[in-house]
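Next come the chains, spelled out residue by residue.
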Amino acid sequence: ANAIKCKSDKPPKVNIRAELNEDAWTIYVEDNGIGIDMKHCEHIFTIFQRLHTKEEYPGTGIGLAIVKRIVERYGGKVGVRSKPGQGATFYFTVPED
């Protein structure tokens with residue numbers, strides 16, 4: 001949903017892929033949206049923390065926090081790689097078992 005809400009001037013594009021690395025799966029969700037300054041990478045996974053106003057982009061600021069909590073409960077990790085204006089790649093790992 002964030003990839004659609006935070007789209008750039010281009011039509012939204014989302015790619016999803018998975019890789020098995022040793023004993024964990026890594027799932028990647030890549031978009032061509034507005035991107036994120038990496039200085040905010042931890043901030044966006046905190047509940048009710050937003051980078052933009054509700055007028056700019058709708059939402060509550062809980063989605064990524066919920067994702068992080070679920071993934072960590074299963075022994076995984078979450079992260080993001082991005083540059084402003086160049087989209088973002090969110091990823092999470094979960095144990096294979």
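Calculation rules
- Residues numbered from 1 in each chain as written.
- Predicted model: local features only at pLDDT ≥ 70, side-chain atom pairs only at ≥ 80, totals over all residues.
- Heavy atoms only, no water.
- Helix = DSSP H or I, 4+ residues; strand = E, 2+ residues; numbered from the N terminus.
- Buried < 20%, exposed > 50% of the residue type's maximum accessible area, 1.4 Å probe, protein only.
- Pairing = 2+ DSSP bridges.
- Axes fitted to C-alpha atoms, helices over the stretch in contact; angles between N-to-C directions.

**Focus: unusual backbone geometry**
Here's step 1: Here the phi dihedral of glutamate 22 falls at roughly 55°; this positive angle occurs in a residue that is not glycine.
Here's step 2: For glutamate 22, the location among the structural elements is in the loop between strand S1 (14-21) and strand S2 (24-31).
Here's step 3: Using a relative accessible area of 78% as the deciding quantity, one classes glutamate 22 as exposed.

**A closer look at the sheet that holds strand S4 (residues 88-95)**
Here's step 1: Within the open sheet, the 4 strands sit side by side as S1-S2-S4-S3. Their pairing is antiparallel. Sheet topology places S1 and strand S3 (78-82) at the edges, where each strand pairs with a single neighbour. Here the strands of the sheet are splayed against their neighbours by 20° on average, with no regard to which way each runs.
Here's step 2: The pairing of S3 with S4 spans 5 bridges and is antiparallel. Its bridge partner lying in S4, valine 78 is registered against phenylalanine 92.

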